[in-house]
Amino acid sequence: MVSHSELRNLFCSADAVCFDVDSTVIQEEGIDELAKFCGVEDAVSEMTRQAMGGAVPFKAALTQRLALIQPSREQVQRLLAEHPPHLTPGIRELVSRLQERNVQVFLISGGFRSIVEHVASKLNIPSTNVFANRLKFYFNGEYAGFDETQPTAESGGKGKVIKLLKEKFHFKKIVMVGDGATDMEACPPADAFIGFGGNVIRQQVKDNAEWYITDFVELLGALEE
């Protein structure tokens, strides 16, 4: 067990901080918003709930949900233009503060790269620091599946990304911040996990995270001490 003060110190001295995106950096679940836009919201949001609770293997849940949604390239582009995701209050300031301290900030998401890159651009996070699933489209723009080789397409994928980051950049301390079971599972290899319940509370995470926050102000405050 790591004490709360040790966790705070680890966060404040981290080389890199990795954020989940859906329901953490943004207030929505991207796949549910896409489903709503494509008219299959109810069936898909139930599948998302099961996947986040750890009841269904992640890749199986992603495959099932996308088979229902069948999003075209045009629908994804229209979603971003007409219903762009809403940043969670405080995240812009937190990311900016971390970057001022020369901390590398990464977005690691089981969601879709086209949506996550849009979010990254709003936070001045380079697209090279984005790890997410790639949707595939046929030449006419119709849905053609997703890139199953991406680590984020698998259960345990976020941990694989963090392991890769440690090997590539020799980070000594990486912190993972997120709302879901898949985020908590990424520690280890992450050196610390901070559970986030500002948009949705996942009971499993709230009960098991050694540091659980409902507002990014708490992390900003830790950096200012």
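Residues numbered from 1 in each chain as written. Predicted model: local features only at pLDDT ≥ 70, side-chain atom pairs only at ≥ 80, totals over all residues. Heavy atoms only, no water.

Within UniProt, the label attached to the protein reads Phosphoserine phosphatase, and the organism entered is Bos taurus. UniProt, in its Subunit section for the protein, records the words "Homodimer." Per UniProt, the comment on the protein under Sequence similarities is "Belongs to the HAD-like hydrolase superfamily. SerB family." (UniProt positions renumbered as here; feature names shortened; annotations may be inferred.)

**Q** Looking at this model, I keep getting lost on the domain arrangement of the protein. Mind explaining?
**A** Where interface size is given, it is often the accessible area lost as the parts come together that is meant. For the protein, the domain assignment lists domain 1 (4-28 + 85-224) and domain 2 (33-82). With centres defined by C-alpha atoms, the gap from domain 1 to domain 2 works out at 20 Å. Each partner contributes residues to the interface: domain 1 has 26 residues there, and domain 2 has 17 residues. Of the roughly 1,900 Å² buried at the junction of domain 1 and domain 2 (both faces included), carbon and sulfur atoms supply 69%. Considering only the side of domain 1, the residues that lose the most area to domain 2 are F137, Y143 and F146, jointly responsible for 27% of the buried surface there. The interface formed by domain 1 and domain 2 holds two salt bridges in total. Linking E148 and K59 is a salt bridge whose minimum nitrogen-to-oxygen distance equals 3.7 Å. There are two residue pairs in polar contact (both at pLDDT 80 or more) connecting domain 1 and domain 2. Put simply, the parts of the chain that give the side of domain 1 that touches domain 2 at least two residues each are β2 (104-112), α8 (113-122), β4 (135-137), β5 (143-146) and α10 (181-184). For the side of domain 1 that touches domain 2, the leading source of residues is α8, giving three residues. (Domains from an automatic or database assignment. Contact = heavy atoms within 4.5 Å. Buried area = accessible area lost by both parts, 1.4 Å probe. Salt bridge = Lys/Arg side-chain N within 4 Å of Asp/Glu carboxyl O. Polar contact = N/O pair within 3.5 Å; in protein donor to acceptor, adjacent residues only side chain to side chain. Helix = DSSP H or I, 4+ residues; strand = E, 2+ residues; numbered from the N terminus.)

**Q** Explain the packing of aromatic side chains to me, please; I cannot follow it from the model alone.
**A** Two numbers describe a pair of aromatic rings. These are the distance of the centres and the angle of the planes. Tallying each qualifying case throughout the model produces six aromatic pairs. Centroid distance F19 to F216: 6.2 Å. Interplanar angle 85°. Geometry classified as edge-to-face. Of this pair, F19 sits in strand β1 (residues 16-19) while F216 sits in the loop between β8 (212-213) and α12 (217-224), placing them 197 residues apart in sequence. We note that F19, like F216, is buried. (Phe/Tyr/Trp six-rings, centres within 6.5 Å; stacked < 30°, edge-to-face > 60°. Buried < 20%, exposed > 50% of the residue type's maximum accessible area, 1.4 Å probe, protein only.)

**Q** Would you take a moment to explain helix α7 (residues 91-100) for this structure?
**A** Along an α-helix, residues three or four apart share an orientation, since each turn contains 3.6 residues. All of the buried residues in α7 are I91, L94, V95 and L98. Along α7, the residues classed as buried sweep out an arc of 95° about the axis, all on the same side. Just downstream of α7, N102 is the residue with a positive phi angle, here 65°. (Arc of directions from axis to C-beta.)

**Q** Quick question: what am I supposed to make of the side chain of S23 here?
**A** Tracing the sequence through the fold places S23 in helix α2 (residues 21-25). S23 sits in the buried class, given a relative accessible area of 4%. Ignoring sequence-local partners within four residues, the contact set of S23 consists of E28, E29, D179, F196, N199, V200 and R202.

**Q** Honestly, the UniProt feature "binding site: O-phospho-L-serine" in the protein in this entry has me stumped. Any pointers?
**A** The sites that carry the UniProt feature "binding site: O-phospho-L-serine" are, in the present numbering, M52, S109, G110, G111, K158 and T182. Mapped onto the secondary structure, G111 falls in strand β2. Note on G111: relative accessible area 8%, which makes it buried.

**Q** Mind showing me how you'd approach the pairing of strand β6 (residues 174-178) here?
**A** Regular strands show a simple pattern: their side chains alternate between the two faces of the sheet. The element β6 is largely enclosed, with a buried count of five among its five residues. Residue alternation in β6 divides its side chains into two sets, I174, M176 and G178 and V175 and V177, and both sets are buried. Alignment of β1 against β6, held across four bridges, turns out to be parallel. Each bridged residue has a counterpart across the sheet, and for V17 the counterpart in β6 is V175. Relative to strand β7 (residues 192-196), β6 runs parallel, the two being bridged by four bridges. Opposite V177, over in β7, you have I194 as the bridge partner. (Pairing = 2+ DSSP bridges.)

**Q** In this structure, what is going on with the nonpolar core? I would like to understand it.
**A** Where a protein is soluble and globular, its nonpolar side chains tend to be buried together. Within the largest apolar cluster, 31 residues are counted, with the highest numbers of intra-cluster contacts made by F19, V25, I91, L107 and F216. Here this core gets four residues from one element, more than from any other, and that element is α7. Excluding its chain neighbours within four sequence positions, the residues that come into contact with F19 are V25, I91, L94, V95, L98, V105, F106, L107, I108, M176, V177 and F216. (Core = buried A, V, L, I, M, F, W, Y, C linked by side-chain atoms within 4.5 Å.)

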